[in-house]
Amino acid sequence: MKSRLLALSGLAVSLSLGAAACSSSSSSPASSPTAVSSSPATAAKDFGPGCAAVPKSGAGSFTGMATAPVATAASANPALSTLVTAVKAAGLVDTLNSASNITVFAPDNAAFAKIPPATLKKLLANKAELTKILTYHVAPARYTPAQLSSGSAIKTLEGGMVTPAAMGSTYEVNKANVVCGNVQTANATVYIIDTVLTPPAH
């Protein structure tokens with residue numbers, strides 16, 4: 001699959017990524033979902049092949065992440081170290097940690113590795129564009145796997161829409177694969193994805 005990030009404002013380099021852009025303009029926004037409990041005991045189980053890489057114990061484990069706000073929880077997960085670097089560069093740590101009941105579509109390190117290093121370096125130095133991209137990965141409510149499988153578009157904090165889909169046990173968001181889904185933190189439901197999502201032009 002092929003996809004490419006839209007040219008970033010102020011950057012002459014376009015961000016080429018690996019998953020194809022098949023847009024769906026006919027999808028309507030999903031109605032605001034009921035916030036689910038943040039307790040891992042009442043939440044549906046995490047799923048996906050990438051979950052095997054999550055530490056079995058400690059702050060970065062599923063149990064450990066469930067007790068921490070989302071940015072803090074992500075910082076304990078080795079697979080999300082590049083995302084954490086980006087969140088810090090954008091100054092969004094406190095914003096994400098203090099938010100109530102959100103969903104985060106979290107690109108893993110492999111997702112950021114699809115971006116040429118020079119381009120990623122420029123992006124990390126461009127706070128406005130970085131903030132736009134990162135907030136496009138956050139929805140202002142918790143979404144369950146069942147809600148994602150409905151295929152209804154979800155409005156993000158950035159203002160654009162993302163479109164989830166499910167085919168059997170495989171989930172996607174804008175054609176990015178969910179490699180580990182339904183991970184619970186104290187204030188968020190996290191779906192770890194394999195591609196950085198592209199905000200639409202406004």
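Please refer to the structure placed before this passage.
Since the structure is predicted, the reported quantities are computational estimates derived from the model, not experimental observations.

Visitor: Just checking my understanding: could you explain the state of the cysteines for this structure?
Guide: Every disulfide links exactly two cysteines, by a covalent bond between their sulfur atoms. In the structure shown here, the tally under the stated rule is one disulfide. Put simply, Cys 51 and Cys 180 are joined by a disulfide, and their sulfur atoms are 2.1 Å apart. Given an S-S torsion of about 100°, the disulfide between Cys 51 and Cys 180 has right-handed geometry. With Cys 51 in the loop between β2 (15-17) and α1 (62-65) and Cys 180 in strand β9 (residues 176-184), the pair connects residues that are 129 residues apart, well separated along the chain. As far as the burial class goes, Cys 51 and Cys 180 line up, both buried.

Visitor: Could you clarify how one ought to interpret the environment of Thr 195 in this entry?
Guide: Within the secondary structure, Thr 195 sits in the segment after β10 (188-193). Thr 195 sits 87 residues away from Asp 108 along the chain, and the two C-alpha atoms are 7.7 Å apart.

Visitor: Just to check I follow, could you spell out the sheet that holds strand β3 (residues 102-107) for this structure?
Guide: Strands in a sheet are paired, the pairing made by backbone hydrogen bonds, and the direction either parallel or antiparallel. Ordered in space as β4-β3-β10-β9-β8-β7, the six strands form an open sheet in which the pairing is mixed. Strand pairing shows two members of the sheet lacking a second neighbour, β4 (138-139) and β7 (164-167), which therefore form its edges. Two elements, β9 and β10, share four bridges in a ladder whose sense is antiparallel. If you follow Cys 180 over to β10, its bridge partner there is Ile 192.

Visitor: I would appreciate a short explanation of the nonpolar core in the present structure.
Guide: Burial of nonpolar side chains together is a common tendency in soluble globular proteins. Of all hydrophobic cores here, the largest spans 35 residues; its most connected members are Val 70, Leu 83, Leu 96, Ile 102, Val 104, Leu 134 and Val 190. Mapped onto this core, the elements with two or more residues apiece are α2 (70-75), α3 (81-90), β3, α5 (109-113), α6 (117-124), α7 (127-135), β9 and β10. Among the elements that take part in this core, α3 stands out by supplying five residues, more than any other. Counting 16 residues, the second-largest nonpolar core is a separate cluster that includes Ala 139, Tyr 143, Val 173 and Tyr 191.

Visitor: Explain the pairing of strand β8 (residues 170-173) here, please?
Guide: Where β7 and β8 come together, four bridges link them in antiparallel fashion. For Met 167, the partnering residue across the bridge sits in β8 and is Thr 170. Once β7 ends, the chain turns through two residues before running back antiparallel as β8, passing Gly 168 with a positive phi of about 70°. Note: β8 against β9, two bridges, orientation antiparallel. Residue pairing in the sheet places Glu 172 in a bridge with Asn 177 of β9.

Parameters and conventions
Residues numbered from 1 in each chain as written. Predicted model: local features only at pLDDT ≥ 70, side-chain atom pairs only at ≥ 80, totals over all residues. Heavy atoms only, no water. Disulfide = S-S within 2.5 Å. Helix = DSSP H or I, 4+ residues; strand = E, 2+ residues; numbered from the N terminus. Buried < 20%, exposed > 50% of the residue type's maximum accessible area, 1.4 Å probe, protein only. Pairing = 2+ DSSP bridges. Core = buried A, V, L, I, M, F, W, Y, C linked by side-chain atoms within 4.5 Å.

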